[in-house]
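Reading the structure
So you can see what is in the structure, the chains are spelled out below.
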Amino acid sequence: MRLTKRYVCAAILITSLFWIIIDFTALFLTGSEKVSLTRNYVENEIFADETTKVKIDYFRKFYKNILNPEPGSAGMEGQAVSNSVNEKAIEDKSFDDYGFNELASSKISLERSIPDNRDSSCFNVDYPVKLSTTSVIVIFHNEAWSVLLRTVHTVLARSPPHMLKEIILVDDASVKEKYGHLGEKLENYVNTLSKVKLIRSPVRVGLTQARLIGADNAVGEVLVFLDSHCEASFGWLEPLLARLQENPKLAVVPDIEVISFKNFEYSSEKGSYNRGIFSWELMFNWGPLPPREKMRRKYESDPIKSPTMAGGLFAMNRKYFFESGAYDRQLTYWGGENVEMSFRLWMCGEGIEIIPCSRVGHVFRERAPYKSPDGSTDHNSIRVAEVWMDEFKEIFYSFRANLKPEQGGDVSERKKLREDLKCKSFKWYLQNIIPELEIPDKYPYGRGDVKNLGTLSCLDTLAQNNQGGKPGLYPCHKMGTNQYFIFTKKFEIWHDGLCLDLSDSDLNAKVKLWPCHKQGGNQKWKHTKSGLIMHESRKKCLEGQGDQILIRACDTNNANQRWLFEHYPFEEKSPNDKDDWL
């Protein structure tokens, strides 16, 4: 009897376990089916018809915030953040350590709301429903926690997940002893985020080579390079990807919006009216759109053709990035890489476009909080000139007379790349891409530094290279840059598009730098055999006193009014020399 009861109990237990297993299996299968159905639904919604065109707001449903910032908290809607008087010492240290107000930044959510500055026409642009996958590459060295992670978070939160393959952070050998948050703390944080990878360079290699580390490890179809102190806005990625899908031989650049380094206010300025240009010293500058580009564009949403790019934020098709030469692997640290790539993309590919409907905020630092080795930028610029500028490299060397070609190292590999890619000439680039750029006289009346024979100092812009800047005197250094002037055939004293201008003959009047207008008048000077520099209409002369330049009655016996240009090319040229570059 007991045995029978035991068997009955066992049978009941086994039967119960059987049905429990059946129930759990059914539940699991049903749940899996639901997950599968949900996944298939999303994928079908996105990829049902790859030729389907949608407006930018279609993608907004795919964005997912990781954090939930509180409305009204510090910095929301891009508002400025002020620190208290009691925090002044901490604020000052944050400026010293990072070149911006990191204390203010640390009070702001990593996913704060920011102004939407897109033109209304951006919301009428048609985009393919299926776009390429993307690897976002962010290089950092001794970066602040808040700005680095805000870059990561806003990219994650404001990019369609199916387009964002990965974010690759490359640590260019940050100094962990001082910037401890970039060590284990960062590793632990990154491990909590999906799609974010951290690669560390064992030694500092500089921006260009660190970006190549990121690119070499990327798997996305498109590479997007961002600086480590950015904020991505809604709809930032899709316009870049769409344009590259139309033309994979471009580099595309978002409209870069200003985040104040002083208080982290996010600019609310609308409009896209600038493009990248360059100076003959091979420095990047921003410049206004020329009339021909304004006429070519029909809508504010249309791309802007840009002769150069700043280089901090841009996207390229990964395959074409490497086919077209990536970065010159012999460039060192920072500087010149953006100009090199700009020349190459126009001369060998389809060029550079700024995409106004893609907007990314960027902190423009007060100063770089770290240093690159002396001569690294010069080394890079020489390589650019030797490979890409043809006979026009002579203009670069005239501006930088202290530099020699051998300082750039062996460029034969890059010259072969240019040959293999069947690139156009630099003359073609000047005539077709940036014809507005002023090409200096080949044989001007004077060129180089301008020494005052009384003080033995040289005319110098004193870094006031802007409209209204007041030049002065500084010890001669033979490095060109701020001491490089040209006495043109229009009798201007010219420095990188700015001319010495005198609008008053009063003894208290000061010469100033002003955009060259080619009309003579206030900008017409006479350089006499005795060395005087006299204003043609005011009949007054430049006189050096200490570090000042004064306007005085002309006196050939006054050594402080006598000036000597480093070179007088017009007097040195032979009769057979061609008068101009083109």
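Because the structure is a prediction, the values reported are computed rather than measured.

What follows is about the environment of Tyr-189. Within the element layout of this structure, Tyr-189 appears in helix α5 (residues 184-190). Look at Tyr-189 and you get partly exposed, because its relative accessible area is 24%. Between the C-alpha atoms of Tyr-189 and Leu-149, which are 40 residues apart in sequence, the distance is 9.5 Å. Setting aside residues up to four positions removed in sequence, Tyr-189 forms contacts with Leu-110, Trp-145, Leu-149 and His-153. Of note is the side chain of Tyr-189, whose polar atom sits 2.7 Å from the side chain of His-153.

Here we come to the packing of aromatic side chains. In this structure the tally under the stated criterion is 31 aromatic pairs. Their ring planes at 70° and their centres at 5.7 Å tell us that Tyr-58 and Phe-62 sit as a pair that is edge-to-face. Taking the relative accessible area as the measure of exposure, Tyr-58 reaches 19% and is therefore buried. Among the residues examined, Phe-62 registers a relative accessible area of 10% and is labelled buried. Ring centres 6.0 Å apart and planes at 20° place the aromatic pair Tyr-98 and Phe-100 in the stacked group. Residue Tyr-98 shares its accessibility class with Phe-100, and that shared class is buried. Each residue in the set Phe-278, Trp-280, Phe-343, Phe-392, Phe-426 and Tyr-429 is aromatic and connected to the rest through ring pairs, giving one cluster.

Quick look at the pairing of strand β5 (residues 196-200) now. The sheet contact formed by strand β4 (residues 164-171) and β5 spans five bridges and is parallel. The partner of Ile-167 across the bridge, within β5, is Val-196. Viewed along the sheet, the connection from β4 through α5 into β5 turns out right-handed.

Looking now at the state of the cysteines. Covalently bonding the sulfur atom of one cysteine to the sulfur atom of another cysteine gives a disulfide. Under the criterion given, the structure shown has five disulfides. Sulfur-sulfur distance for the disulfide between Cys-348 and Cys-423 comes to 1.9 Å. Disulfide Cys-348 to Cys-423: torsion about the S-S bond roughly 105°, handedness right-handed. Of this pair, Cys-348 sits in helix α10 (residues 337-348) while Cys-423 is found in the loop between α13 (412-420) and α14 (426-432), placing the two residues 75 residues apart along the sequence.

One can read the domain layout of the chain as domain 1 (72-363), domain 2 (376-433) and domain 3 (446-573). Centre-to-centre, using C-alpha coordinates, domain 2 lies 30 Å away from domain 3. Across the boundary between the two partners, domain 2 contributes four residues, which contact seven residues of domain 3. Three residues, Ser-398, Phe-399 and Asn-402, lead the burial of domain 2 against domain 3; their summed loss comes to 76% of the area buried on that side. Joining domain 2 to domain 3, the criterion identifies zero salt bridges. For the pair domain 2 and domain 3, the number of links is two residue pairs in polar contact (both at pLDDT 80 or more).

Analysis parameters
- Residues numbered from 1 in each chain as written.
- Predicted model: local features only at pLDDT ≥ 70, side-chain atom pairs only at ≥ 80, totals over all residues.
- Heavy atoms only, no water.
- Helix = DSSP H or I, 4+ residues; strand = E, 2+ residues; numbered from the N terminus.
- Buried < 20%, exposed > 50% of the residue type's maximum accessible area, 1.4 Å probe, protein only.
- Contact = heavy atoms within 4.5 Å.
- Polar contact = N/O pair within 3.5 Å; in protein donor to acceptor, adjacent residues only side chain to side chain.
- Phe/Tyr/Trp six-rings, centres within 6.5 Å; stacked < 30°, edge-to-face > 60°.
- Pairing = 2+ DSSP bridges.
- Right-handed = clockwise from strand over helix to strand, strands pointing away.
- Disulfide = S-S within 2.5 Å.
- Domains from an automatic or database assignment.
- Buried area = accessible area lost by both parts, 1.4 Å probe.
- Salt bridge = Lys/Arg side-chain N within 4 Å of Asp/Glu carboxyl O.

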